[in-house]
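A look at the structure
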Amino acid sequence: MNCTDFLSQLTDYFDGQISPELLEEVRGHLSGCKHCEIVLNTTRQTIEVYRGNEVYEISDELRERLHTAIMTKCYEKKGA
Ligand SMILES: [Zn+2]
């Protein structure tokens, strides 16, 4: 699993619709990728804020923003 795969599973992860096999892969990726760990924590906090307002949904826009942010960081890391 790479960062793109992780992001594509992110909404299912939070919806609890992820399979046990994929969950293992997600956890494996998180243990080795600080960027995705940060994205996960940020997303969780965002969801909790939305839940407080009873508007719980990861919008396409939010997912796009997260995706862009993480890919930028991954490329910076590789380019350094
Ligand atoms: Zn990653």
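Since this is a predicted model, take the numbers as computed values, not measurements. (Residues numbered from 1 in each chain as written. Predicted model: local features only at pLDDT ≥ 70, side-chain atom pairs only at ≥ 80, totals over all residues. Heavy atoms only, no water.)

Turning next to the overall build of the protein. Counting its regular elements, the protein contains four helices and zero strands. For the protein, the N- to C-terminal ordering of α and β elements is α-α-α-α. When the 80 residues of the protein are sorted by exposure, 31% land in the buried category. For the protein, long-range pairs separated by at least 24 residues make up 65% of all intrachain contacts whose partners lie at least 6 apart in sequence. (Helix = DSSP H or I, 4+ residues; strand = E, 2+ residues; numbered from the N terminus. Buried < 20%, exposed > 50% of the residue type's maximum accessible area, 1.4 Å probe, protein only. Contact = heavy atoms within 4.5 Å.)

Counted by the stated rule, this structure contains one aromatic pair. Relative to F14, the ring of Y13 has its centre 5.3 Å away and its plane inclined at 90°; by these criteria the two rings are edge-to-face. Across the pair, F14 and Y13 agree in class, each one buried. (Phe/Tyr/Trp six-rings, centres within 6.5 Å; stacked < 30°, edge-to-face > 60°.)

This part covers the coordination of the zinc ion. Looking at the metal site, the zinc ion is ligated by C3 (SG), H29 (NE2), C33 (SG) and C36 (SG), spaced 2.0 to 2.3 Å from it. In this structure, the zinc ion is coordinated by four donor atoms arranged in tetrahedral fashion, with angles at the metal of 97 to 115°. Look at where the donors of the zinc ion fall in the sequence and you get C-x25-H-x3-C-x2-C. Taken together, the residues span a long stretch of sequence, with C3 in helix α1 (residues 3-15) and C33 in the loop between α2 (20-32) and α3 (34-52) at a distance of 30 residues. Taking the relative accessible area as the measure of exposure, C3 reaches 12% and is therefore buried. With relative accessibility at 6%, the residue C33 sits in the buried group. (Donors = N, O, S within 2.8 Å, 3.2 Å for Na, K, Ca; no water. Tetrahedral: all angles 85-135°; square planar, octahedral: opposite > 155°, others 65-115°.)

Before going further, it helps to examine the confidence of the model for the protein. Of the residues in the protein, 82% reach a pLDDT of 70 or more, and the chain-wide mean stands at 81. Within the protein, the element-level pLDDT minimum falls on helix α4 (residues 60-79), averaging 74, and the maximum on α2, averaging 94. (pLDDT = per-residue confidence, 0-100.)

Let's shift gears to the environment of I47. Secondary-structure assignment places I47 in helix α3. Since its relative accessible area comes to 4%, I47 is described here as buried. The sequence separation of I47 and F14 amounts to 33 residues, and the corresponding C-alpha distance is 8.9 Å.

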